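Structural description and commentary
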Amino acid sequence: MTKANELLDELMKDYKNPEDLIGDSGLLKQLTKGLLERAMQAEMTDHLGYEKNAPSNKKNGNSRNGTYTKKVKGDFGELDVEVPRDRDSSFDPLILPKRQSRFHGFDDKIIAMYARGMTTRDIQAHLEEIYGVEISPTLVSQVTKAVQEEVVLWQNRPLDDVWPIVYLDAIRVKVRQDNRVINKAVYMAVGVNMDGLKEVLGLWTAETEGAKFWLRVITELKNRGIKDIFIACVDGLKGFPEAIETVFPDTQIQLCIVHMVRHSLNYVSWKERKEVAADLKAIYSSPTVEEAELHLEEFEDRWKTQYPTISKSWRTNWERITPLFSYPPDIRKAIYTTNAIESVNMSLRKVTKNRGAFPHDESLLKLLYLALQNISKKWTLPIRNWRAALNQFSIMFEGRMPTL
């Protein structure tokens, strides 16, 4: 330790400002370059079996053949490193393998920035500003392209037999197709497993959001191993519940209250939105279905003349709304989409808003997959009061709970 400290003192004797240590020609870069080159020379000695300039260097038919310069990128910026080579080109250094021009961890930084919605231009500017490293758009594409294989494996992974709750929804994203920009629907399924933990089950893209495509999604989920879903939370898309019941006839359909409210408020003037929203909340926050019906009648008496479409919509979908009232207040939160898929959608919109349009579906799914990996890191705890929810499920869905 004493010798190490003496060495550090010797190295730092000319230190005057941070640039001397971490600048382009600073001590850290010089040390990194020197250590890399010495390590590769040591690896070459081990590869050939003799020291440099040793008399036995001709016995094995191979020998040193000078060096070549390789530009390496990393947190320290860019370095020109002299890599040793041998006559028969069989030497491949472990510390800096052939065809590798970036240190381990550098690609991870690019992927992390990409996953947070930064554009290729943003990533280029950030790396140059922080690390003094210039990268090309092609490099960003190459690094993130490696993720595409992960996406395919993830999208086709087997799923558990039983899912107590599955949320189904779609968001709109701009994608280039046939030399024009179109709005595509990205379908998403988020499930809550038997442990009360959320998990994204898959992503799918289509030009329009329709019950026919949702039928394809539900069928794929079944083909990947799902045998039963207790509750499916969906928006008010026509034919959506029927598409689910075609594949899982025993599944209870719960219309998303958030979508119902949002759809209702589309018909309301800004001046009266607050009042209408409060009256709608009185309906869906009622402790019992009987009280909810009373509040719905009160809503009709007050607003039917001005906004007849709203009360008609709630009446039409009432059978799909009322399952919510079968559960105690704490359990309702477990099946309430506000805290589940809506928050996921909001996070995904944050990472896609900087993009004018995605060049193709693969690029879109790649970014959403990476963003979801970040989002799901926070899903480490089960839904609150999940044990109580399971007890309710065991009664309501008797005989369908998996045996432990």
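Reading the values: rules and limits
Residues numbered from 1 in each chain as written. Predicted model: local features only at pLDDT ≥ 70, side-chain atom pairs only at ≥ 80, totals over all residues. Heavy atoms only, no water. Helix = DSSP H or I, 4+ residues; strand = E, 2+ residues; numbered from the N terminus. Buried < 20%, exposed > 50% of the residue type's maximum accessible area, 1.4 Å probe, protein only. Contact = heavy atoms within 4.5 Å. Areas by Shrake-Rupley, 256 points an atom, 1.4 Å probe, with all protein chains shown as cover. Axes fitted to C-alpha atoms, helices over the stretch in contact; angles between N-to-C directions. Parallel < 35°, antiparallel > 145°, perpendicular 65-115°, else oblique. Left-handed = near helix turned anticlockwise from the far one by under 90°. pLDDT = per-residue confidence, 0-100. Core = buried A, V, L, I, M, F, W, Y, C linked by side-chain atoms within 4.5 Å. Arc of directions from axis to C-beta. Salt bridge = Lys/Arg side-chain N within 4 Å of Asp/Glu carboxyl O. Pairing = 2+ DSSP bridges. Phe/Tyr/Trp six-rings, centres within 6.5 Å; stacked < 30°, edge-to-face > 60°.

Check the secondary structure of the chain and you find 18 helices and 7 strands. The 404 residues of the chain split such that 44% are buried. Expressed as a percentage of contacts within the chain between residues at least 6 apart in sequence, the contacts between residues at least 24 apart total 63%. As presented, the chain carries roughly 22,700 Å² of accessible surface, and 51% of it is formed by carbon and sulfur atoms.

What follows concerns the packing of helix 8 (residues 211-223) against helix 9 (residues 240-247). Between two packed helices, what matters for the description is the angle formed by their axes and the separation of those axes. Orientation of helix 8 relative to helix 9, taken along the N-to-C sense of each, is 30°, at an axis distance of 9 Å. Taken together, the axes of helix 8 and helix 9 lie roughly parallel to each other. Judged by the sense of rotation from one axis to the other, the crossing of helix 8 with helix 9 is right-handed. From helix 8, A211, W214, L215, I218, T219 and K222 reach across to helix 9, where they touch F240, A243, I244, T246 and V247.

Once that is clear, we can look at the confidence of the model for the chain. A residue-level look at the chain finds 78% of positions with pLDDT of 70 or above and a mean pLDDT of 80. Summarising per-element confidence for the chain, the mean pLDDT is lowest in helix 1 (residues 2-11) (57) and highest in helix 12 (residues 289-303) (94).

Let us look at the nonpolar core. The biggest cluster of nonpolar side chains holds 91 residues, and the ones touching the most others in it are W314 and F393. Of all the elements, strand 3 (residues 162-177) adds the most residues to this core, at 10 residues. When sequence neighbours within four positions are dropped, the list of residues in contact with F393 reads P164, I165, F230, I231, Y327, W386, E398 and M401. Core analysis: the second largest hydrophobic core is formed by 6 residues, M40, V72, L79 and V81 among them.

What helix 18 (residues 386-396) keeps buried is the set W386, A389, L390 and F393. Seen along its axis, helix 18 keeps its buried residues to an arc of 100°; they face one direction. Exposed side chains of helix 18 directed beyond 90 degrees from the buried face belong to R387 and I395.

With that out of the way, let us pick up the packing of helix 10 (residues 257-265) against helix 11 (residues 273-284). As a packed pair, helix 10 and helix 11 sit with axes 10 Å apart at the nearest point and diverge in direction by 150°. Judged on the interaxial angle alone, helix 11 and helix 10 are roughly antiparallel. As helix 10 runs across helix 11, the sense of the crossing is right-handed. Contact residues: I257, V261, S264 and L265 in helix 10; R273, V276, A277, L280 and Y284 in helix 11.

Taken as a whole and assessed by the stated rule, the structure comprises 10 salt bridges. Among the salt bridges present, the one from R302 reaches E275, with a minimum N-O distance of 2.4 Å. Remark: E275 occurs in helix 11 and R302 occurs in helix 12; sequence separation between them is 27 residues. A relative accessible area of 42% means that R302 is categorised as partly exposed. Judged by relative accessible area, which is 38%, E275 ranks as partly exposed. Because the salt bridges share partners, they merge into one network encompassing E242, E245 and R320.

For strand 6 (residues 228-234), the buried fraction is high: 7 of the 7 residues fall into the buried class. Looking at chain direction, strand 3 and strand 6 are connected through 5 bridges and run parallel. Looking at the pairing, I165 lines up with I231 of strand 6. Note: strand 6 against strand 7 (residues 252-255), 4 bridges, orientation parallel. Within the sheet, the bridge partner assigned to A232 lies in strand 7 and is I253.

A word on the side chain of S311. Checked against the element boundaries, S311 lands in helix 13 (residues 308-316). Those residues in contact with S311 that sit more than four places away from it in its chain are F299, E300 and K304.

A few words now on the packing of aromatic side chains. Applying the stated criterion to the full structure yields 9 aromatic pairs. Geometrically, the ring pair formed by F393 and F397 is tilted, given 6.0 Å between the ring centres and 50° between the ring planes. On the basis of relative accessibility, which here comes to 5%, the residue F397 falls in the buried class. Here the aromatic cluster, defined as three or more aromatic residues joined through ring pairs, consists of F230, W386, F393 and F397.

Mapped onto the elements, T45 comes out in helix 3 (residues 27-48). Look at T45 and you get buried, because its relative accessible area is 16%. Setting aside chain neighbours within four positions, we find T45 in contact with Y50, E51 and R64.

This paragraph deals with the sheet that holds strand 6. Read from one edge to the other, the open sheet built from 5 strands follows the order 5-4-3-6-7, with strand pairing classed as mixed. Looking at the sheet topology across the chains shown, the edges are occupied by strand 5 (198-206) and strand 7. Between one strand and the next, the sheet's axes are offset by a mean angle of 25°, whatever the strand orientation. Pairing analysis gives 13 bridges linking strand 3 to strand 4 (residues 180-192), with the strands arranged antiparallel.

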